[in-house]
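Coordinate inspection notes
Chain residues, written in single-letter form:
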Amino acid sequence: MPPYFKFLTVMGFYVFVKEKVDVAIVEVGIGGQYDCTNVVRKPVVCGVSSLGFDHTAILGATLPEIAWQKAGIFKPDVPAFTSPQADEALAVLADRARNIGAALFVSPSVESHDWHGTPVSLGLAGNVQRANAGLAVQLVNVWLRSRKTQGVEWKPCVKMHGSIPLAPSLDITGEMAEGLGGCDWPGRHQVLRRGNLTYFLDGAHTPESAKTCAEWFVEASQRENFDVWSSRPLKRILLFNATGARCADSFLLHFGDCGFDFAVFCPNIAMKSVKRLADQVSVAVMEDESLRRCESNRTTWSKLHGAVGVRTEVFATISDALDWVSSGFVFCSDPSRVHLLVTGSLHLVGGVLSILDPDLESGKKNGSGICVGSV
């Protein structure tokens, strides 16, 4: 039996072939060069989004090392695009593209395209999503052009981003604008309202994305507080977990100025149940070890932000943590409004969503006939 992710990868490709999908968007698991998804010999197009420090024990501790691994997905005579990167990372991507024989372009911002007077509107909040959208537009356009009947013809590349050509701006069609504006990604800069409790969900799991998440939460919480004005007091709570070899201090240091009243830590276990979702449980990590990691995260928070007087708690499951958040203690005698930020792990966010919205977990709400997934 192959390891779990390799099994899912093989199963994913099998389903794609059997169902004769028109297009498969394949996201690597870790890195690229040696990732088990990197078996497609002739993809239509390749893309590299903004690089950050993640899985450093495997990919390396520097951006050039990480960029080398990421560029392993480039293929001869296959166009490749990258979001703007740090100069040291961009140099490595360019060098590998030359050696492999791939034409590499830097994707401009989504605002640089011709929207024909239509306001730039994205379904996903946050500045990082604007860079992602700019990259997505280029990738999709190459695929559409490969179909020969759709897509927007390129204008000549006349601008450079350092030593790499800047991909030309495109005409944003009505269909493209509709797709970008209607994009929905649960667990990424997502806001859910449940009575007095508002959930802010973001699966940030790198130091860079944690910084972006903190900035988004401050802005979104302030906006929500203004839109739903009330004389009742507002409490802000952080629910956090980090997994693997990730250093919690590099994440938690970004959340000290978010105005939290409580910081709560729990493992990625949705609830105490004999029947648990298999993809929310790591058989390589014992529950006691997970709880020790949570205690360590609490200690890290106290060392970083102990002076601000934030109360901390550790719970054995996500359900326990959510029950505590919605308990009478947090709301006190005067029913407060609560803004809860859930972040640090996509598995943590997924566990919260499985409790708040079970129909989303089972796929009952996706009645479009579209198979949504990734490998």
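First, a word on what this report is: a plain description of the structure on this page. (Residues numbered from 1 in each chain as written. Predicted model: local features only at pLDDT ≥ 70, side-chain atom pairs only at ≥ 80, totals over all residues. Heavy atoms only, no water.)

1. Concerning a nonpolar patch on the surface
A surface patch of nonpolar side chains, about 360 Å² in accessible area, is lined by Phe7, Met11, Tyr14 and Val15. Within the secondary structure layout, Met11 lies in helix 1 (residues 4-18). Judged by relative accessible area, which is 39%, Met11 ranks as partly exposed. (Patch = residues over 30% accessible without salt bridge, like charges linked within 9 Å, V, L, I, M, F, W, Y side chains within 5 Å. Areas by Shrake-Rupley, 256 points an atom, 1.4 Å probe, with all protein chains shown as cover. Salt bridge = Lys/Arg side-chain N within 4 Å of Asp/Glu carboxyl O. Helix = DSSP H or I, 4+ residues; strand = E, 2+ residues; numbered from the N terminus. Buried < 20%, exposed > 50% of the residue type's maximum accessible area, 1.4 Å probe, protein only.)

2. Considering the sheet that holds strand 9 (residues 262-265)
Two orientations exist for strands paired in a sheet by backbone hydrogen bonds: parallel and antiparallel. Pairing is mixed across the open sheet formed by 6 strands, whose spatial order is 6-7-11-8-9-10. Each having just a single partner strand, strand 6 (190-194) and strand 10 (311-314) make up the two edges of the open sheet. Between one strand and the next, the sheet's axes are offset by a mean angle of 20°, whatever the strand orientation. Contacts from helix 12 (residues 346-356) reach strand 6, strand 7 (197-202), strand 8 (234-240) and strand 11 (337-343), with the element oriented near 145° to strand 7. (Pairing = 2+ DSSP bridges. Axes fitted to C-alpha atoms, helices over the stretch in contact; angles between N-to-C directions. Contact = heavy atoms within 4.5 Å.)

3. Re the packing of aromatic side chains
Two aromatic rings are characterised by how far apart their centres lie and by the angle between their planes. Throughout the structure, instances matching the rule amount to 11 aromatic pairs. A ring pair is formed by Phe200 and Trp216, whose centres lie 6.0 Å apart and whose planes are at 65°; its orientation type is edge-to-face. Within this pair, whereas Phe200 is found in strand 7, its partner Trp216 is found in helix 7 (residues 207-227), the two being separated by 16 residues in sequence. Comparing Phe200 with Trp216, the two get one shared label, buried. Ring pairing ties together the aromatic residues Phe200, Trp216, Phe217, Phe260 and Trp301, which thus form one cluster. Here Arg96 stacks its cationic end above the ring of Trp68, 4.0 Å away from the centre of that ring. Geometry around Trp185 places Arg188 over its ring, the cationic atom sitting 5.1 Å from the centre. (Phe/Tyr/Trp six-rings, centres within 6.5 Å; stacked < 30°, edge-to-face > 60°. Lys NZ or Arg CZ within 6 Å of the ring centre and 35° of its normal.)

4. A short note on the packing of helix 10 (residues 318-325) against helix 12
Helices that pack against each other are described as a pair by the angle of their axes relative to one another and the distance between those axes. The geometry of helix 10 relative to helix 12 is characterised by a closest axis approach of 10 Å and an angle of 65° between their N-to-C directions. Taken together, the axes of helix 10 and helix 12 are roughly perpendicular relative to one another. Along this stretch, helix 10 crosses helix 12, giving a crossing that reads as right-handed. For the pair helix 10 and helix 12, the contacting residues are Ile318, Ser319 and Leu322 in the first and Leu348, Gly351, Val352 and Ile355 in the second. Tallied by class, the residues present in the contact of helix 10 with helix 12 amount to 5 nonpolar, 2 polar and no charged. (Parallel < 35°, antiparallel > 145°, perpendicular 65-115°, else oblique. Left-handed = near helix turned anticlockwise from the far one by under 90°. Nonpolar A, V, L, I, M, F, W, Y, C, P; charged D, E, K, R; others polar.)

5. Things to note about helix 3 (residues 63-70)
Leu63, Ile66, Ala67 and Gln69 are the residues of helix 3 that are buried. Viewed along the axis of helix 3, the buried residues span an arc of 160°, placing them on a single side of the element. (Arc of directions from axis to C-beta.)

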